[in-house]
Amino acid sequence: MKTLLLFAIATVAVTTAVADPAAIARDARAWRVKHEQKVIAELAELAAIPCLASDLPNIERNAAALKTLCEKRGLTVQLLRLENVPPIVVADLRAGADKTIAFYAHYDGQPVDPARWKSDPWKPVMRDGEGRDVDWRKAKALDPEWRLFARAVSDDKAPIIAMLAALDALRAANIKPAFNLRFVFEGEEEAGSPHLAEYLSKYPDALRPDAWILCDGPVHQSRRAALFFGARGTTDLELTTYGPAKGLHDGHYGNWVPNPAAAMAQLISSMRDEQGRILIDGFYDNVQPISAAERDALAAIPNIEGELRQTFQIGATEGSGKPLNELLMMPAVNVRGLESGQVREKAANVIPTHAHASIDFRLVPNLTPESIRPLVERHFESRGYTIVRGEPDAEMRRTTPKLLRVQWGAGYPAARTPLDLPLSREVSTIMATAGHEPVRLPTIGGSIPMYLFQQPNGTPTIGLPIVNHDNNQHAADENLRLQNLWDGIEIFAALFAGLPSK
Ligand SMILES: [Zn+2]
């Protein structure tokens, strides 16, 4: 009888708790405190399986482990397959609701150079704040500043374990998501997601949810939780200018024989000014303006530029004094490298035969690799250049005054989800109420193929990273700060319980 009564009270408490992310987060925290060892054990076990996308036998072991972890929680699991590539693991917790929201993470990791690691990258080790190994299995309590070291522990296995732990915490509180919750775990993100587009088109039922939450990347450098609503697109360009067929004495011929290094320098400075503003005609014509909601979010981003300038040892910034995150809303032309002749002890008084420049463009909404190519090439032609695609032959060099070899790389467009969509607002509000107010980044500056998730109908796609910014992502000694994992569990629990309100 007493038990029954307690149960009834608990049920009432549960119903009201659904609307209150703060209570959900508190419950999740209480659950976590009691189950820290178990959560870490699951993460350490998963991180102990090598996970290079090219290592198919081990990739299959990862996929099988994920299947087991999800099935243990009563999820319905399918492994989507294309021939001889890592499977995508899809796990569903169906609520019979109209809406399906997919939470994405990837289970592959970057290659490792074991010689640079303090310990075996596939044998997870816990270390304290001073970098000393600690035996977490025997510890009475885990210090939230401890870090677990292993490849892919942060990028991107921690979010997977945090999501599963959040489900456990909700189950313990007898709370179920009100939407169809789907996990999608990709196995070749670090290899550039070469088959993601094919997967998305082959498996529309599994991979076309109503919204995507992409759980990858680090939180803000201020250590605050973060959301990102876009990513820049990218495309790259190799340029070659030509001088004489062989190096010529620049005393005898300078001022008369064209200098390809100087020509390249002039061409580059014709493309961008000293503040990084692009000088190519029409480049900004279609750039999506910054919305009022995006302006609000930009204004609220903690200012860490002083620290960054110190760390990077830069005495000035480009962009006419605008803040970093506002500049990331704009397209950019970057010079990746320049090569011509010889310098320092190898320098010679010679007019070089050619000059190379390697350029990349960062793209924002309404600019695509296809749309900018004609603008860029028109710019070159307006400077008197004749564009060639292949290496010009002697005849071509003899008869063409200004030759420019132009080689475009592949690329893809930008993605941006409006900050004032109901889902965007809801995710932010739930996190804030749960005690993890996010820094809202209208876009990240880097390029990830977020546009693929949005296609074909502009599916809302929001990035939700949980791991520490100083996790040595992609480098040696990748690590996860435990507090980030704990925060992630609370955030996921609050979102699973609170999304979507309608
Ligand atoms: Zn990642």
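Note that the coordinates shown come from a computational prediction; the quantities given were computed from them, not determined experimentally.

Conventions and cut-offs
Residue numbers run consecutively from 1 along every chain, following the written order of its sequence. Only residues with pLDDT of at least 70 get local features here, since the model is predicted, and only at 80 or more are side-chain atom pairs given and counted; chain-wide, interface and lining totals rely on the full set of residues. A run of H or I in DSSP becomes a helix once it reaches four residues, and a run of E becomes a strand once it reaches two; helices and strands are each numbered from the N terminus. A residue is called partly exposed when the number of other C-beta atoms within 10 Å of its own lies between 12 and 20, exposed at 12 or fewer, and buried at 20 or more, with C-beta atoms placed from the backbone. We call two residues in contact when the distance between their C-beta atoms, placed using the backbone, is within 7 Å. Note that the domain bounds reflect an automated or database-derived domain assignment. Amino acids outside the nonpolar list (Ala, Val, Leu, Ile, Met, Phe, Trp, Tyr, Cys, Pro) and the charged list (Asp, Glu, Lys, Arg) are all regarded as polar, and Gly is one of them. By definition, a nonpolar core groups buried Ala, Val, Leu, Ile, Met, Phe, Trp, Tyr and Cys residues that are joined through C-beta atoms within 7 Å. Between the first and last residue of a helix there are one fewer steps than residues, each counted as 1.5 Å, and that sum is the expected span. One axis fitted to the seven residues ending at a residue, another fitted to the seven starting there: the angle between these axes is the bend at that residue. Here a strand pair is declared whenever DSSP counts at least two bridges between the two strands. Only C-alpha atoms enter the line fits that serve as axes; for helices the fit covers just the stretch in contact. Angles between N-to-C directions range over 0 to 180 degrees.

Scanning the protein chain from terminus to terminus reveals 16 helices and 21 strands. Its C-alpha atoms put the protein chain at 105 × 50 × 50 Å along the principal axes. When burial is assessed residue by residue, the protein chain has 41% of its 502 residues classed as buried. Nonlocal contacts in the protein chain, meaning residues at least 24 apart in sequence, comprise 80% of its contacts between residues at least 6 apart.

Our focus in this paragraph is the domain arrangement of the protein chain. According to the domain assignment, the protein chain contains domain 1 (17–231 + 414–498) and domain 2 (233–284 + 328–412). Look at where the C-alpha atoms of domain 1 and domain 2 centre, and you get two points 42 Å apart. Taken together, the contact pairs eight residues of domain 1 with ten residues of domain 2. Here the residues of the side of domain 1 that touches domain 2 are counted per class, giving four nonpolar, three polar and one charged.

Okay, helix H10 (residues 305–312) next. Sparse coverage of H10 is indicated by the burial of zero of its eight residues. Gln-313 lies just past H10 and shows a positive phi near 55 degrees.

To continue, consider unusual backbone geometry. In the segment running from Asp-155 into Asp-156, the intervening peptide bond is cis, with an omega of 25 degrees. Assignment of secondary structure puts Asp-156 in helix H4 (residues 153–172). In this chain, Gln-455 is followed by Pro-456 through a cis amide linkage whose omega measures 0 degrees. Here Pro-456 is to be found in the loop between helix H15 (450–454) and strand S20 (461–463). Of note in this structure, Asn-84 is not a glycine but carries a positive phi near 60 degrees. Positionally, Asn-84 belongs in the loop between strand S1 (76–80) and strand S2 (88–93). Given 7 C-beta atoms within 10 Å, Asn-84 falls into the exposed group. Within the chain, Ser-193 stands out as a residue other than glycine whose phi angle is a positive 45 degrees. Position of Ser-193 among the secondary structure elements: in the loop between strand S7 (180–186) and helix H5 (196–202). Taking the number of C-beta atoms within 10 Å as the measure of exposure, Ser-193 has 18 and is therefore partly exposed.

This brings us to the nonpolar core. Formed by 130 residues in total, the largest nonpolar core has its most connected members in Leu-43, Ala-162, Ala-166, Ile-489, Ala-493 and Ala-494. Among the elements that make up this core, the one with the highest residue count is H4 (twelve residues). Each of two domains, domain 1 (17–231 + 414–498) and domain 2 (233–284 + 328–412), supplies a minimum of three residues to this core. Beyond its immediate stretch of four places on either side in the chain, Ile-489 contacts Ala-28, Arg-32, Ala-162, Ala-165, Ala-166 and Ala-169.

This brings us to helix H2 (residues 21–47). Under the 1.5 Å per step criterion, the end-to-end length of H2 is only 30 Å for 27 residues, more than 12% shorter than the ideal 39 Å. Where H2 bends most, at His-35, the angle is about 75 degrees.

Right, let's get into the sheet that holds strand S21 (residues 479–481). Read across the open sheet, the four strands follow the order S5-S4-S6-S21; overall the sheet is antiparallel. The open sheet has two free edges, formed respectively by strand S5 (133–134) and S21, since each of these has just one partner strand. Inspection of the sheet shows strand S6 (residues 147–149) paired to S21 by three bridges, in the antiparallel sense. Residue Arg-147 lies in a different strand from S21, and its bridge partner there is Arg-481. Contacts from H4 reach S6 and S21 within the one sheet, and its direction differs from that of S21 by about 50 degrees.

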